[in-house]
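# Understanding the architecture of this molecule
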Amino acid sequence: SLLQTVNNTQTIHVWQTPIIWATEGSSVTLPCDYRIIGENASNGSYKWYRHIVRYGVEISENNKYFSGRLSRVDQDQFIHGQSAAITLHGVELSDSGMYYCEVTFQISQEISKDGNGTFLNVTASANKGSGPKGHLSLYIHGGFVGGVLLLSLLSAVVYYMYTKQVSGHFPVQYGEPALYVLPAQRHQEDANFPEEMDLYTVIP
């Protein structure tokens, strides 16, 4: 609880939760409550900063890092509910850090006070591998394993056929020409070849 006094009449108390835990990909609310003592006021606003109050990164829709994933309480909740909470959607591991809430009111003069800060601790999701990327990884892995099994099966079939042929289960067709000798070459090489072999001589 922090306190600021202006002219000894108006004071602001601001409370923040010291630490908030969140899981990667979830939505998390960072609470910030305040009280004004001394005078009712309706002209106020609030801001959130990361790491350093007023000099750090302001958490708003104008910041492209938080744009599209930030929810803020509306003005009615802020004034009547005395809440300055924000909600971060789809939190990432890099969102971990200190967050400070600052409440400002214009009463007789502007008074502003910030809380002690909330440390947001984002942890990795246990189901991270079950998303679309996880499924794609499984499909690729399954396809690779299937391809290896198919290749192994084909190799086994080829090896089986080869061993059968070598062992004589698939007879080799003999009698096919191994060498063809033209008649002219025949007479030059060996005059004892029979004359009836007019076209080719087959040497097994």
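Residues numbered from 1 in each chain as written. Predicted model: local features only at pLDDT ≥ 70, side-chain atom pairs only at ≥ 80, totals over all residues. Heavy atoms only, no water.

For the chain, the helix and strand inventory stands at 3 helices and 14 strands. For the chain, contacts bridging at least 24 residues in sequence account for 59% of all contacts bridging at least 6. Of the roughly 13,600 Å² of accessible surface on the chain, a fraction of 58% belongs to carbon and sulfur atoms. (Helix = DSSP H or I, 4+ residues; strand = E, 2+ residues; numbered from the N terminus. Contact = heavy atoms within 4.5 Å. Areas by Shrake-Rupley, 256 points an atom, 1.4 Å probe, with all protein chains shown as cover.)

Here the focus is the pairing of strand 6 (residues 44-50). Within strand 6, 5 of the 7 residues are buried, which leaves it mostly tucked inside the rest of the structure. Bridge count between strand 6 and strand 10 (residues 97-106): 7 bridges; the pairing is antiparallel. The residue of strand 10 that forms the bridge with Ser45 is Thr104. Here strand 6 pairs with strand 7 (residues 57-58) via 2 bridges, running antiparallel. Within strand 7, the position partnered with Arg50 by the bridge is Val57. (Buried < 20%, exposed > 50% of the residue type's maximum accessible area, 1.4 Å probe, protein only. Pairing = 2+ DSSP bridges.)

Summed over all chains, the structure comprises 1 disulfide. Each sulfur of the disulfide joining Cys32 and Cys101 lies 2.1 Å from the other. Taking the sign of the S-S torsion, -75° for the link of Cys32 and Cys101, the bridge is left-handed. Taken together, the residues span a long stretch of sequence, with Cys32 in strand 5 (residues 32-37) and Cys101 in strand 10 at a distance of 69 residues. (Disulfide = S-S within 2.5 Å.)

Do not read the predicted coordinates in detail wherever pLDDT is low. Averaged over every residue, the pLDDT of the chain is 76; residues scoring 70 or more account for 57%. Every residue in residues 170-174 scores below 50 in pLDDT, and together they form 3 contacts with partners more than four places removed in sequence or on other chains. pLDDT under 50 marks residues 176-184. Its contacts with residues more than four places away, or in other chains, come to 18 contacts. (pLDDT = per-residue confidence, 0-100.)

With 30 residues, the main nonpolar core has Trp48, Phe78, Leu88, Val103, Phe105 and Leu120 as its most contacted residues. Counting residues per element, this core draws most heavily on strand 10, which supplies 4 residues. Once you skip the residues sitting within four places of it in the chain, Leu88 turns out to touch Ser26, Ser27, Val28, Ile59, Phe66, Arg69, Leu70, Tyr99 and Leu120. (Core = buried A, V, L, I, M, F, W, Y, C linked by side-chain atoms within 4.5 Å.)

So, about the sheet that holds strand 4 (residues 28-30). Strands sit in the order 4-9-8 across an open sheet of 3 strands; the sheet is antiparallel. The sheet terminates laterally at strand 4 and strand 8 (70-72), the two strands that pair on one side only. Direction aside, the axes of adjacent strands within the sheet are offset by 25° on average. Alignment of strand 8 against strand 9 (residues 86-88), held across 3 bridges, turns out to be antiparallel. (Axes fitted to C-alpha atoms, helices over the stretch in contact; angles between N-to-C directions.)

In this section: the environment of Ser96. For Ser96, the location among the structural elements is in the loop between strand 9 and strand 10. Sequence spacing of Ser96 and Leu120 is 24 residues, and the spatial spacing of their C-alpha atoms is 5.1 Å. Leaving out residues up to four positions away in the same chain, Ser96 has contacts with Arg50, Leu120, Asn121 and Val122. Side-chain polar atoms of Ser96 contact the backbone oxygen of Leu93, separated by 3.2 Å. Of note is the side chain of Ser96, whose polar atom sits 3.0 Å from the backbone nitrogen of Val122. (Polar contact = N/O pair within 3.5 Å; in protein donor to acceptor, adjacent residues only side chain to side chain.)

Taking burial as the measure, the 10 residues of strand 10 include 8 buried ones, the bulk of the element. Sheet analysis places strand 10 next to strand 11 (residues 110-114), joined by 5 bridges and oriented antiparallel. In the strand pairing of strand 11, Glu102 is matched with Asp114. Following strand 10, the chain reverses through 3 residues before pairing antiparallel with strand 11.

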